[in-house]
Amino acid sequence: MDKFVKKLSREEALSINKSKRPLLKQATLKSLGGVTDVKRILRIKELLDCKGITTDQIISLISELDKSPSIPIHVVSDTGIGRSIGPLRKHSNDSIASVAKRLISAWKGKIRDMPIAPVSAPRSQFSLLTTSGGSNEDIRKRAVRLILANMQSSDSDSAKVIERDIFIANEMNVDKNYKTKVRQKVFEMKRNQSSSSSKS
């Protein structure tokens, strides 16, 4: 096999590579600055939920979360790390409580700074989920509008919670099953409204 391998000098190898395509560079941690390591967050959550953890370990884990660059809010809610950190705000150790409070307030500050998209009633109800195309976020926004249009109250937060529950129950997939579950929920809401109005 060695007779087919041709050894080239470094200059020849670079000139051949330049003519064909640029060299690929390996990603570094600095270049991946905006990427969140969800597995690491889940590992920290598991460690915080352990019973035999020391106060120094708790402080170092919370500090590690606090130092990590901008964990997106959807990652915080999807991983459930907030449910592990929340009770630590009332911990008997003051240093643990203060670190946990600081981290939670930073996360709440991110939520306050997020723009809130207005939710309006749809023109045609079921055309929202039957239109093709659009990203998953667009489909989820249309689902929230559909649920809101069929609610007795005009509380958009409740509609978002209902949609999020359906989304999580569908294993965070926006597919045919998700759309079916949203429609089922809307029909259930309509049935409840009609039965409550016929009773009164």
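Residues numbered from 1 in each chain as written. Predicted model: local features only at pLDDT ≥ 70, side-chain atom pairs only at ≥ 80, totals over all residues. Heavy atoms only, no water.

S.K.: Teacher, can you tell me more about the packing of helix α2 (residues 38-49) against helix α3 (residues 55-67) here?
M.R.: When two helices pack together, their arrangement is captured by the angle between the axes and the distance separating the axes. One can describe the packing of α2 onto α3 by two numbers: an axis separation of 10 Å at closest approach and a directional angle of 155 degrees. On the basis of their axis angle, the class for α2 and α3 is roughly antiparallel. The interaxial crossing formed by α2 with α3 has left-handed handedness. Note on element contacts: α3 touches α2 through Ile58, Leu61, Glu64 and Leu65, opposite Arg40, Ile41, Arg43, Ile44, Leu47 and Leu48. Broken down by class, the residue content of the contact of α2 with α3 amounts to seven nonpolar, no polar and three charged. (Axes fitted to C-alpha atoms, helices over the stretch in contact; angles between N-to-C directions. Helix = DSSP H or I, 4+ residues; strand = E, 2+ residues; numbered from the N terminus. Parallel < 35°, antiparallel > 145°, perpendicular 65-115°, else oblique. Left-handed = near helix turned anticlockwise from the far one by under 90°. Contact = heavy atoms within 4.5 Å. Nonpolar A, V, L, I, M, F, W, Y, C, P; charged D, E, K, R; others polar.)

S.K.: Quick question: what am I supposed to make of the pattern of salt bridges here?
M.R.: For side chains of opposite charge, pairing can occur when their charged atoms come near one another. Scanning all chains against the criterion turns up six salt bridges. With a shortest N-O distance of 3.2 Å, Asp49 and Lys45 are connected by a salt bridge. In this pair, Asp49 and Lys45 are both assigned in helix α2, four residues apart and thus about one turn of the helix distant. Notably, a salt bridge pairs Glu163 with Arg140, separated by 2.7 Å at the nearest N-O pair. Of this pair, Glu163 sits in helix α9 (residues 156-169) while Arg140 sits in helix α8 (residues 136-149), and the two are 23 residues apart along the sequence. Given the relative accessible area of 3%, Glu163 is considered buried. Three or more residues are tied together by salt bridges with common partners; here these are Arg40, Arg43 and Glu64. (Salt bridge = Lys/Arg side-chain N within 4 Å of Asp/Glu carboxyl O. Buried < 20%, exposed > 50% of the residue type's maximum accessible area, 1.4 Å probe, protein only.)

S.K.: Whenever I open this one, the nonpolar core confuses me. Can you help?
M.R.: Leu48, Ile62, Leu65, Ile81, Ile85 and Trp107 are the most contacted members of the largest nonpolar core, which has 21 residues in total. Secondary structure elements with two or more residues in this core: α2, α3, α4 (73-79), α5 (81-85) and α6 (94-113). Considering each element in turn, this core owes the most residues, six residues, to α6. Among residues more than four places away in sequence, those in contact with Leu65 are Ile41, Ile44, Ile71, Ile81, Ile85 and Leu103. Core analysis: the second largest hydrophobic core is formed by 15 residues, Leu148, Ile166, Val186 and Met189 among them. (Core = buried A, V, L, I, M, F, W, Y, C linked by side-chain atoms within 4.5 Å.)

S.K.: Can you help me understand α9 in this one?
M.R.: A turn of α-helix holds 3.6 residues, and therefore any two residues three or four places apart point the same way. Relative to the 20 Å expected for 14 residues at 1.5 Å per residue, α9 spans 20 Å between its end C-alpha atoms, a close match to the ideal helical length. Of all the positions in α9, only Ala159, Glu163, Ile166 and Phe167 are classed as buried. Along α9, the residues classed as buried sweep out an arc of 100 degrees about the axis, all on the same side. (Expected span 1.5 Å × (residues − 1). Arc of directions from axis to C-beta.)

S.K.: How should I be thinking about α2 in this particular structure?
M.R.: Spanning 12 residues, α2 covers 17 Å between terminal C-alpha atoms, matching the ideal 16 Å at 1.5 Å per step. All of the buried residues along α2 are Ile41, Ile44, Lys45 and Leu48. Buried positions in α2, seen along its axis, are confined to an arc of 100 degrees and lie on one side of it. Across α2 from its buried face, at more than 90 degrees, point the exposed residues Lys39 and Glu46. Buried residues along α2 sit against α3, α4 and α5.

Bear in mind that shape data such as this cannot, by itself, settle questions of function.
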